[in-house]
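# Chains, contacts and geometry: an overview
One-letter residues, chain by chain:
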Amino acid sequence: MTDQHETDLLDRVPDGLFVGGTWRPASDGATLEVRDPSTNAVIKTIASATVDDGLAALTAADDAFPAWAATPARERAEILRRAFDLLQERADDVALLMTLEMGKPLAESRGEVTYGGEFLRWFGEEAARIQGRYGANPEGTGRMIVTQHPVGPCFLITPWNFPLAMATRKIAPALAAGCTVVIKPATLTPLTTLLFAQLLADAGVPDGVVNVITTTNTGPVSEAIIRDPRLRKLSFTGSTPVGKTLLAQAADGVLRTSMELGGNAPFVVFEDADLDKAVDGAIAAKFRNIGEACTAANRFVVHRSVADAFAQRVTARVEEFRTGRGTEDGVTIGPLIDDRAVDKAAALVDDAVARGASLLTGGAAIDGPGTYYQATVLSDVPAGSDILREEIFGPVVAIVPFDDEDDAVRIANDTEYGLVSYVYTRDLARGQRMIERLATGMMGLNVGVVSNAAAPFGGWNMSGLGREGGAEGIHEYLQTKYTLTADPFA
């Protein structure tokens, strides 16, 4: 049961669709239930959009686009700054709401508020720095003018695991660039986006610039929006199979696309690494967000000479964790998002053990209300194990020994994904070689967390297209125009 503060907060969360600056029910009255994964209890019932509702949201974004694109960059920046300030004022409510709908411990949710807010601040600052160039052409017969323009209405699809940060990471650069948006949060964790939409309106975002649709009819609603010729940009964070489907749909309209897809991050520990720091980094890289992160370390590739010591130290740390409801003091591991996540973690662990991996701690679901799985450490995981190929998305460490640098690189790169990698070594030259040799879009060298609003987030290969964050992030929402003018001195 929730306490009174939780009840009051949930009552303040809008339960409708946000279209053209107005909260409204679904056109057919349909609803969806949002559950607390720590108890499986329904905590809120909200509107479930139809295809017509989705298109109405796109109409609102399209109607609002000309005026928003013409709004001075400084004004757009000030609105984003006000949103940042309001988020700091309301941080406790936003953090609690994330914990209620997603399950992560409150400390993690507060960290996400800080992280997510930085996208509002960063892209507010970038709005006034959109640049072009001017100069003579090489022949000297004219002047070249290169300008940047907002791409137009955007459709943003966010995942369930970071309900605030994934919304701010997409909305902030879009608004900074002068685009309008329709955002569809994940059905499992939509409430944070609804509360954030109200915050944006309170910050002064004009009607129709940000529209929110929640729905259980995800496929048809999304496809109708994507195939509408008014849409000019699609940004998606989620699984690679779904991303491929959306890319195919976007092809007909030749949409600009950003895809942040799956990961299978290697965490490489060399024999010369500072083992204490490597263990600290491993805990951060694996157990942040209960392991439910695309950047979570998936395969711990550890030099054979230190593999046992590393496994023992990690196991000792893991056995100190406290599992429980994220609102409880001292909890470090909350519930997984749903039963399917628990079943997947169990299947991957069971497969690895059956193939010969050693189970050092954990390895089972936890009975009772809620969807909990024990924090788990596996060592000597053999090649061919499913856990080395599939994204775990749970609190499971899988350790694989290696013998030399070439062996480490081969194991680390043995995946179709290429989002992020982590390397621990005190050898500067080796670190530089690993930057060159590991096929990932991001890398942590002697650090276990790489995400930052000022850095370009994104992967290679099956991990996606485009970048979010950094100076690169705003360009995902801009298109380039080149103009040639006659020589003014002719």
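Structure: see above.
Residues numbered from 1 in each chain as written. Predicted model: local features only at pLDDT ≥ 70, side-chain atom pairs only at ≥ 80, totals over all residues. Heavy atoms only, no water.

Attention now goes to the overall build of the protein chain. When helices and strands are tallied, the protein chain shows 15 helices and 24 strands. Taking 23 Å as the expected radius of gyration for a compact globule of 490 residues, we find that the protein chain reaches 23 Å, a close match to that expectation. Projected onto the principal axes, the alpha-carbon positions of the protein chain cover approximately 75 × 65 × 40 Å. Taken over 490 residues, the protein chain has a buried fraction of 56%. (Helix = DSSP H or I, 4+ residues; strand = E, 2+ residues; numbered from the N terminus. Rg over C-alpha atoms; globule rule 2.2 N^0.38 Å. Buried < 20%, exposed > 50% of the residue type's maximum accessible area, 1.4 Å probe, protein only.)

What follows covers the pairing of strand β7 (residues 154-157). Covered by surrounding structure in β7 are C154 and L156 together with F155 and I157, the residues of both alternating faces. Note that β7 and strand β8 (residues 181-184) share four bridges and pair parallel. The residue of β8 that forms the bridge with C154 is V181. Handedness of the crossover is the feature at issue here: the chain leaves β7, passes through helix α6 (residues 165-177), returns alongside β8, and the resulting connection is right-handed. Note: β7 against strand β10 (residues 233-237), four bridges, orientation parallel. Across the sheet, residue L156 finds its bridge partner in β10, namely S235. (Pairing = 2+ DSSP bridges. Right-handed = clockwise from strand over helix to strand, strands pointing away.)

Right, let's get into the pattern of salt bridges. Going through the model one piece at a time under the given rule, you end up with 32 salt bridges. For R230, the salt bridge is made with D228, and the minimal N-O distance between the two is 3.0 Å. Residues participating in the shared-partner salt-bridge network are E271, D272, E405, D406, R430, R433 and R437. (Salt bridge = Lys/Arg side-chain N within 4 Å of Asp/Glu carboxyl O.)

Our focus in this paragraph is the packing of helix α3 (residues 73-89) against helix α5 (residues 106-127). Contact geometry of α3 with α5 gives a least axis separation of 7 Å together with a crossing angle of 165°. Overall, the two elements α3 and α5 adopt an arrangement that is roughly antiparallel. Considering how the two elements wind past one another, α3 and α5 form a crossing that is left-handed. Of the residues in α5, those touching α3 at A73, R76, A77, L80, R81, A83, F84, L87 and Q88 are V113, G117, E118, L120, R121, F123, G124 and A127. In the contact of α3 with α5, the residues fall into ten nonpolar, three polar and four charged. (Axes fitted to C-alpha atoms, helices over the stretch in contact; angles between N-to-C directions. Parallel < 35°, antiparallel > 145°, perpendicular 65-115°, else oblique. Left-handed = near helix turned anticlockwise from the far one by under 90°. Contact = heavy atoms within 4.5 Å. Nonpolar A, V, L, I, M, F, W, Y, C, P; charged D, E, K, R; others polar.)

Bringing the sheet that holds strand β24 (residues 478-486) into the picture now. What the three strands build is an open sheet, ordered β5-β6-β24; its pairing is antiparallel. Here the strands that pair on one side only, and so sit at the sheet edges, are β5 (133-136) and β24. Between one strand axis and the next, the sheet turns through 20° on average, direction left out of account. Two elements, strand β6 (residues 142-150) and β24, share nine bridges in a ladder whose sense is antiparallel. In the strand pairing of β24, Q148 is matched with T480.

Two elements in contact, α3 and helix α7 (residues 191-203), have axes separated by 8 Å at closest approach and are oriented at 125°. Between α3 and α7, the interaxial angle falls into the category oblique. Once α3 is placed against α7, the crossing between them reads as right-handed. Where α3 approaches α7, its residues I79, R82, A83, L86 and L87 are matched on the opposing element by L199, L200, D202 and A203. Of the residues contributing to the contact of α3 with α7, the split by class is seven nonpolar, no polar and two charged.

As a further point, take the packing of aromatic side chains. Taken as a whole and judged by the stated rule, the model has nine aromatic pairs. Seen from their ring centres, F267 and Y424 are 5.2 Å apart, and the 25° between their planes marks the pair as stacked. Residue F267 is found in strand β12 (residues 265-269), and its partner Y424 is found in strand β20 (residues 420-424); the two are separated by 157 residues along the sequence. Taking relative accessible area as the criterion, Y424 reaches 4% and is therefore assigned buried. (Phe/Tyr/Trp six-rings, centres within 6.5 Å; stacked < 30°, edge-to-face > 60°.)

This next bit is on the sheet that holds β12. Reading across from one edge, β14-β17-β18-β13-β12-β20-β21 is the order of the seven strands in this open sheet, with mixed pairing throughout. The two strands at the open ends of the sheet, each matched to only one other strand, are β14 (358-361) and β21 (442-445). On average, each strand axis in the sheet is inclined to that of its neighbour by 20°, with strand direction left out of account. Inspection of the sheet shows β14 paired to strand β17 (residues 376-379) by three bridges, in the antiparallel sense. Its bridge partner being in β17, S358 is matched across the sheet by S379. Contacts from helix α12 (residues 339-354) reach β14, β17 and β18 (396-402) within the one sheet, and its direction differs from that of β17 by about 30°. Packing of helix α14 (residues 428-437) onto the sheet brings it into contact with β12, β20 and β21, and relative to β21 it is tilted by some 165°.

The next thing to look at is unusual backbone geometry. Leave glycine aside and you will find that most residues have negative phi; peptide bonds, for their part, are mostly trans. Phi at N289 takes a positive value of approximately 60°, unusual for a residue other than glycine. Positionally, N289 belongs in the loop between α10 (275-287) and β13 (297-303). Relative accessible area serves as the criterion here: at 0%, N289 is assigned to the buried category.

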